[in-house]
Amino acid sequence: MSSGTGFRRGWRGNRGVYFAVMLLLAIGLIVASRTGVLAPLENVLATPLNAAAGAFQQVALRLSLGLGDLADFQSLQQRNAELEEALARLQAEVVDLREINNDYGRLAQLLDYTTNAQNQEFVTADVIAVDQTSALRSIAINRGTRDGIAIGVPVVTPQGLVGRIIEVGANASRVLLITDLSSYVSTRLQTTRAEGTVNGQVSGNLLMTFIPLGEDVREGDIVLTSGLGGNFPPDLVIGQVTSTRQAELFQEAQVRSLINFDTLEIVLVMTNFQPIDLSVFEQEDGN
Amino acid sequence: MGHFLAFPILGLAAILQVTFMPQIRLFGGQPDLIMLLVMAWIITSPLEEAVTWAFVGGIAVDLLSAAPRGSSVLGLLILVFIIEQLKGQLVNLNIIVVFGLVLLGTLIQQITLLTILALNGFTIRPIEQFFYIVVPSLIYNLIFSLPAIGIVRRFKRVFSPRRRLSRRTINE
């Protein structure tokens with residue numbers, strides 16, 4: 001008993017030293033983690049946490065969606081009527097597009113032409129954790145190196161681009177969302193082919209910048225990846241233009257993603273896409 | 001006992017932090033359960049136990065986030081040592097003191113995290129992030145602070161029945 005008290009008193013006497021040692025330990029942890037020294041240990045520790053988080057995430061989403069539906073019952077009725085009207089209109093369009101698609105298929109076969117989309121390979125993954133509120137907007141998924149996932153590969157849903165893999169473990173990975181401040185995607189408008197860069201905002205919205213001044217940008221235009229820079233394949237849907245603004249040197253457009261990032265449950269990871277590392281050219285220029 | 005309690009309590013809190021808490025987000029802010037629990041623990045416990053809580057809680061939440069491992073530990077440690085210094089000067093633990101500590105803790109955690117992210121090459125917009133993330137998080141933390149202290153006290157009563165917790169504990 002007395003030795004324990006003595007030990008405690010000893011620490012209290014050297015509280016400044018104790019604080020400095022603990023701070024150095026924490027800084028050492030950050031450095032070791034960034035250099036990858038702790039990766040095997042992190043994988044071991046993260047595995048049970050990710051598994052538990054996956055189970056909790058399913059419950060949290062069910063609860064959130066259930067409560068949201070209850071609150072939105074009246075607006076949902078109105079929305080349902082609007083959607084039924086839109087469905088009827090779109091069904092007619094689908095018939096026309098099927099005809100065009102058939103024609104395209106025949107012509108492509110003739111030219112022995114295959115699109116990138118036909119060659120894409122996907123792995124489905126469940127979202128097990130959401131980290132959208134701190135300074136980083138990211139999600140964790142339950143697939144890792146064992147499933148062929150590598151750093152840099154794009155993550156999508158049928159509604160469009162979600163982000164790219166920034167961290168990968170044996171059976172879990174982390175995806176940096178396109179809504180993050182650090183995310184930049186080379187894009188183009190579907191109609192005019194005008195190019196720009198989509199960047200995440202603090203609010204979680206998307207902003208398309210560097211659109212040349214002469215280009216016609218309209219609300220409702222679909223924004224796609226351009227493939228420039230080699231980080232993403234071309235023609236993945238980013239979202240829809242909701243408003244535009246003219247700056248001095250270029251135009252900007254607010255873009256709304258078709259994805260609800262708060263309620264993401266399942267995503268597709270494009271496993272056979274290899275991001276191009278342009279830093280090789282930068283090094284050559286430097287030499 | 002306090003050292004061992006950190007693992008189940010903070011492990012569960014970290015999981016809730018990345019699953020349930022994003023569903024109640026206000027703008028970009030949400031409650032920081034780990035920070036609140038560590039703060040509640042240091043108020044009523046010895047420094048060594050609180051340091052264990054800072055490490056366990058920080059690592060658990062960092063393992064479930066994209067931030068570099070240890071980022072949250074750093075902020076929590078600074079908070080723990082500041083509260084340890086203040087303990088001797090606190091006469092009693094009233095709501096104003098608790099809210100003051102929550103304000104301090106939220107600012108320390110967010111500023112530390114933003115600094116580490118900036119040093120690691122991530123894009124940071126401090127002023128925008130202050131109003132969009134820090135202020136709403138602070139509001140949530142204020143709301144959740146009293147339940148967090150209540151939970152920690154209950155745990156301490158259950159696992160340390162002989163030790164009577166009173167306001168006097170703060171001055172120990």
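What counts and how
- Residues numbered from 1 in each chain as written.
- Chains lettered and ligands numbered in written order.
- Predicted model: local features only at pLDDT ≥ 70, side-chain atom pairs only at ≥ 80, totals over all residues.
- Helix = DSSP H or I, 4+ residues; strand = E, 2+ residues; numbered from the N terminus.
- Rg over C-alpha atoms; globule rule 2.2 N^0.38 Å.
- Contact = placed C-beta atoms within 7 Å.
- Buried ≥ 20, exposed ≤ 12 C-beta atoms within 10 Å, placed from the backbone.
- Pairing = 2+ DSSP bridges.
- Nonpolar A, V, L, I, M, F, W, Y, C, P; charged D, E, K, R; others polar.
- Axes fitted to C-alpha atoms, helices over the stretch in contact; angles between N-to-C directions.
- Parallel < 35°, antiparallel > 145°, perpendicular 65-115°, else oblique.
- Left-handed = near helix turned anticlockwise from the far one by under 90°.
- Expected span 1.5 Å × (residues − 1).
- pLDDT = per-residue confidence, 0-100.

1. A few points about the overall build of chain B
Move 1: A tally of helices and strands in chain B yields seven helices and zero strands.
Move 2: At 16 Å, chain B has a C-alpha radius of gyration in line with the 16 Å of a compact globule built from 172 residues.
Move 3: Along the first, second and third principal axes, the C-alpha atoms of chain B reach 50 × 30 × 30 Å.
Move 4: The long-range share in chain B, meaning contacts at least 24 apart out of those at least 6 apart in sequence, stands at 72%.

2. So, the overall build of chain A
Move 1: When its secondary structure is counted, chain A shows six helices and 12 strands.
Move 2: Out of the 287 residues in chain A, the part that is buried amounts to 31%.
Move 3: For chain A, the share of sequence-separated contacts (at least 6 apart) that also reach a separation of at least 24 residues comes to 56%.

3. Some remarks on the pairing of strand E5 (residues 173-177) of chain A
Residue and element names in this part refer to chain A.
Move 1: Burial runs high along E5: five of the five residues are buried.
Move 2: Of the two faces of E5, both are covered, the one formed by Ser173, Val175 and Leu177 as well as the one formed by Arg174 and Leu176.
Move 3: Taken together, the four bridges between strand E2 (residues 138-141) and E5 define a ladder with antiparallel strand orientation. Directly across from isoleucine 139, in E5, lies its bridge partner valine 175.
Move 4: Bridge analysis of strand E4 (residues 160-168) against E5 gives five bridges, and the strand direction is antiparallel. Paired with isoleucine 165 across the two strands is valine 175, which belongs to E5.
Move 5: Counted between consecutive antiparallel strands, the loop separating E4 from E5 contains four residues.

4. Brief notes about the interface of chain A and chain B
Move 1: In this complex, chain A contributes 41 residues to the contact, which on the side of chain B involves 43 residues.
Move 2: Counting residues per element, the ones that place at least two in the side of chain A that touches chain B are helix H1 (2-13), helix H2 (15-35), helix H3 (39-71), strand E1 (122-131), E2, E4 and E5 of chain A.
Move 3: No other element matches H3 of chain A, which puts 10 residues into the side of chain A that touches chain B.
Move 4: Split by residue class, the side of chain A that touches chain B holds 25 nonpolar, nine polar and seven charged.

5. Some thoughts on the packing of helix H5 (residues 95-119) of chain B against helix H6 (residues 126-159) of chain B
All names here are of chain B.
Move 1: Put simply, H5 and H6 touch, their axes get as near as 9 Å, and they point 140° apart. Between H5 and H6, the interaxial angle falls into the category oblique. As H5 runs across H6, the sense of the crossing is right-handed. Together, Val98, Phe99, Val102, Leu103, Thr106, Gln110 and Leu114 of H5 and Pro126, Gln129, Ile133, Val134, Ser137, Leu138, Asn141, Leu142, Ser145, Leu146 and Ile149 of H6 make up the contact between the two elements.
Move 2: Residues of the contact of H5 with H6, tallied by class, amount to 12 nonpolar, six polar and no charged.

6. Observations regarding helix H4 (residues 71-87) of chain B
Move 1: Here H4 of chain B is 17 residues long and its end C-alpha atoms lie 25 Å apart, about the 24 Å a rise of 1.5 Å per residue gives.
Move 2: Of all the positions in H4 of chain B, only Ser71, Ser72, Val73, Leu74, Gly75, Leu76, Leu77, Ile78, Leu79, Val80, Phe81 and Ile83 of chain B are classed as buried.
Move 3: Where H4 of chain B is buried, its residues touch H2 of chain A together with helix H2 (33-44), helix H3 (47-63) and H5 of chain B.

7. Some details on the confidence of the model for chain A
Move 1: Within chain A, residue pLDDT values average 84, and 88% of them lie at 70 or more.
Move 2: With pLDDT under 50 throughout, residues 1-5 of chain A is counted as low confidence; its partners more than four residues away or in other chains account for zero contacts.

8. Remarks on the sheet that holds strand E9 (residues 222-225) of chain A
All names here are of chain A.
Move 1: If you walk around this closed barrel you meet the six strands as E6-E7-E8-E11-E10-E9, and the pairing is antiparallel. The average undirected angle you get between the axes of adjacent strands in this sheet is 40°.
Move 2: In the sheet, strand E10 (residues 237-246) pairs with strand E11 (residues 251-256) via six bridges, with the strands oriented antiparallel. In the strand pairing of E11, serine 243 is matched with glutamine 254.

9. Describing the environment of alanine 247 of chain A
Residue and element names in this part refer to chain A.
Move 1: Mapped onto the secondary structure, alanine 247 falls in the loop between E10 and E11.
Move 2: Judged by the 11 C-beta atoms lying within 10 Å of it, alanine 247 falls in the exposed class.
Move 3: Considering only alpha carbons, one finds alanine 247 and phenylalanine 210, 37 residues apart in sequence, at a separation of 9.3 Å.

10. Considerations on the sheet that holds E4 of chain A
All names here are of chain A.
Move 1: If you trace the six strands once around the closed barrel, you get E1-E2-E5-E4-E3-E12, paired in antiparallel fashion. Pairwise comparison of adjacent strand axes, ignoring direction, gives a mean angle of 45° for this sheet.
Move 2: Both E1 and E2 contribute to a ladder of four bridges, which runs antiparallel. Residue pairing across strands places aspartate 131 opposite serine 138, the latter belonging to E2.
Move 3: Sheet contacts for H3: E1 and E2; angle to E1, the most-contacted strand, approximately 85°.

11. A short note on the environment of glycine 28 of chain B
Move 1: On the secondary structure map, glycine 28 of chain B appears in the loop between helix H1 (2-19) and H2.
Move 2: The spacing of glycine 28 of chain B and glutamate 84 of chain B is 56 residues in sequence and 30 Å in space, taken between C-alpha atoms.

12. What to know about the packing of H1 of chain B against H2 of chain B
All names here are of chain B.
Move 1: In the contact formed by H1 and H2, the axes pass within 9 Å of each other and the chain directions differ by 150°. Judged by the inter-axis angle, H1 sits roughly antiparallel to H2. In this structure, H1 contributes Ile9, Leu10, Ala13, Ala14, Leu16 and Gln17 to the contact, and H2 contributes Leu33, Ile34 and Leu37.
Move 2: The class makeup of the residues in the contact of H1 with H2 is eight nonpolar, one polar and no charged.

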